[in-house]
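A structural walkthrough
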Amino acid sequence: MAAEQKERILRFYRGSEGEETAIRLLDLAEAVMKTAKFRISAFLDPYGQEIAETICASYDGIQLDFDGGYTGAERQRAMLRHQDFRGTPDGFAIACVEASWNGQFARLTHRDVLGAVMGLGIERELIGDILPAPDTAKIICDAKIADFIVSNLTMIGAVGAKAALSNLEEIAPREERTKEIRATVASLRLDSIVAAGFGISRSRAADDIAADKVKLNWQSAGSASKTIKEGDVLSMRGRGRIEVTEVRGQTKKGRTVVVLNRFF
């Protein structure tokens, strides 16, 4: 890649949430081109995966694959592989740890489990999806830290916990429940769409946006007045996400008809 093109990519992401991810992925891509081998990224959210696709498309000779440990994983690792590499990469170095606790005393959430794992000094990028159940949670992680989590994850919040290695093959493919929502909104402002999609008031939506509980296309949503368009994905902490599938015409009263797909 020419230095000018690399600088254009960096300039595009500079100052955004994707800047650090873009820098790391560019470094991986450069290493792949120099060694004609492969490199594996940290776990990437969907926005990070888009950055990986953008960067790899700018290089001639890099092949890109993703894996999150099971079918339908949201957070995935990227494998950047040189087209001339004749070896066989030994997977994506992903493991699964299952944490368990007494569900009679506490109902722990994804946030509780993630907080406990990161409380061990583990960076978020080393953790993939966390799949909670009433008294267990499967933690997808970098294989290098799996034994460390097993040995040290003894508490989640104020509840005693045990951890053990588990098989990735036992994780069922992710099947999301969806619901189509047809609504009319005063405008395509972010707070209006959030309110319609998640069934809350517009003022509550504005408050949640201000509290950074809402993400737009996997980035901080920013202003409640931001204009939404078809294809945008909005996610709210603890409530799932919605996709704007259609923006139709206006009603006689001047309201805009939208079709949303809500994922639970």
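A brief structural summary. Per chain, the residues get numbers from 1 upward, laid out in the order the sequence is written. pLDDT decides what is reported in this predicted model: residues at 70 or higher carry local features, side-chain atom pairs at 80 or more are listed and counted, and totals for whole chains, interfaces and linings draw on all residues regardless. To obtain the side-chain values, all non-hydrogen atoms of the structure were used and water was disregarded.

1. Examining the packing of aromatic side chains
Ring geometry is summarised as follows: Phe, Tyr and Trp rings, the Trp one being its six-membered ring, pair when their centres sit within 6.5 Å, and such pairs are stacked at plane angles under 30 degrees, edge-to-face over 60 and tilted between the two. Under the defined criterion, the tally for this structure stands at two aromatic pairs. Measuring from ring centre to ring centre gives 4.9 Å for Phe 12 and Tyr 13, while their planes differ by 90°; the resulting arrangement is edge-to-face. Here Arg 77 stacks its cationic end above the ring of Phe 43, 5.4 Å away from the centre of that ring. Note on criteria: charge over ring means Lys NZ or Arg CZ within 6 Å of the ring centre, with the direction from the centre no more than 35 degrees off the ring normal. Residue placement shows Arg 241 over the ring face of Phe 263; its charged tip is 4.4 Å from the ring centre.

2. Thoughts on unusual backbone geometry
One non-glycine residue, Asp 212, adopts positive backbone phi at about 60°. With phi around 70°, Trp 218 is a residue other than glycine that occupies positive phi space. The helix and strand labels rest on DSSP assignments: H or I over at least four residues marks a helix, E over at least two residues marks a strand, and numbering proceeds from the N terminus. Mapped onto the elements, Trp 218 comes out in the loop between strand 11 (214-216) and strand 12 (219-220).

3. Some words on the nonpolar core
What is meant by a nonpolar core is a set of buried Ala, Val, Leu, Ile, Met, Phe, Trp, Tyr and Cys residues, joined one to another through side-chain atoms within 4.5 Å. Each residue gets one of three labels from its accessible area relative to the maximum for its type: buried under 20%, exposed over 50%, partly exposed in between, using a 1.4 Å probe on protein chains only. One finds Ile 127, Ile 139, Ile 149, Leu 153 and Ile 156 to be the most contacted residues of the largest nonpolar core, which totals 24 residues. Looking at which element gives the most residues to this core, the answer is helix 4 (residues 110-118), with four residues. Should any heavy atoms of two residues lie within 4.5 Å, those residues are considered in contact. Beyond its immediate chain neighbours, meaning those up to four positions away, Ile 127 contacts Phe 43, Arg 75, Val 117, Ile 122, Ile 139, Ile 140, Cys 141, Ile 145 and Ile 149. Counting 22 residues, the second largest nonpolar core, distinct from the first, contains Val 185, Phe 198, Leu 216 and Leu 260.

4. Focus on the environment of Gly 128
Mapped onto the elements of the fold, Gly 128 is located in strand 5 (residues 127-132). By relative accessible area, which is 0% here, Gly 128 ends up buried. Taking the C-alpha atoms as reference points, Gly 128 and Ile 139, eleven residues apart in sequence, are found 7.2 Å from one another. The residues contacting Gly 128, other than those within four sequence positions of it, are Phe 43, Arg 75, Ile 140 and Cys 141.

5. Side note on the packing of helix 2 (residues 19-35) against helix 3 (residues 46-57)
Helix 3 packs onto helix 2 with a crossing angle of 40° between their chain directions and a minimal axis gap of 10 Å. As judged from the angle between their axes, helix 2 and helix 3 are oblique. Here helix 2 runs over helix 3; the crossing is right-handed. Listed contacts from helix 3 to Thr 21, Ala 22, Leu 25, Leu 26 and Ala 29 of helix 2 are Gly 48, Ile 51, Ala 52 and Ile 55. Gly is placed with the polar residues, together with every amino acid not listed as nonpolar (Ala, Val, Leu, Ile, Met, Phe, Trp, Tyr, Cys and Pro) or charged (Asp, Glu, Lys and Arg). In the contact of helix 2 with helix 3, the residues fall into seven nonpolar, two polar and no charged. Fitting a line to C-alpha atoms yields each axis, with helices limited to the stretch in contact; the angle taken between N-to-C directions then spans 0 to 180 degrees. Each angle gets one of four labels, with under 35 degrees taken as roughly parallel, over 145 as roughly antiparallel, 65 to 115 as roughly perpendicular, and the rest as oblique. Crossing handedness is read from the near helix: turned anticlockwise from the far helix by less than a right angle, it gives a left-handed crossing, and turned clockwise, a right-handed one.

6. Notes on helix 6 (residues 190-198)
Residues lying three or four places apart along an α-helix face the same way, a consequence of the helix completing one turn every 3.6 residues. Counting buried positions along helix 6 yields eight of nine residues, so the element is predominantly enclosed. Restricting attention to buried positions, one finds in helix 6 the residues Leu 190, Asp 191, Ser 192, Ile 193, Val 194, Ala 195, Gly 197 and Phe 198. The inward-facing, buried residues of helix 6 contact strand 10 (178-185), helix 7 (202-210), strand 11, strand 13 (233-236), strand 14 (240-250) and strand 15 (256-263). Gly 199 sits one or two residues past helix 6 and shows a positive phi near 65°.

7. Brief notes about the pattern of salt bridges
For this analysis, a salt bridge means a side-chain nitrogen from Lys or Arg found within 4 Å of a carboxyl oxygen belonging to Asp or Glu. Tallied over the full model, the rule gives 15 salt bridges. Between Arg 202 and Asp 191 there is a salt bridge, and its shortest N-O distance comes to 3.4 Å. Here Arg 202, found in helix 7, pairs with Asp 191, found in helix 6; they are eleven residues apart in sequence, far enough to count as distant. On the accessibility criterion, Arg 202 (35% relative accessible area) is partly exposed. Judged by relative accessible area, Asp 191 falls into the buried class, the value being 3%. Among the ionic pairs, Arg 204 bridges to Asp 208, the shortest N-O distance being 3.0 Å.

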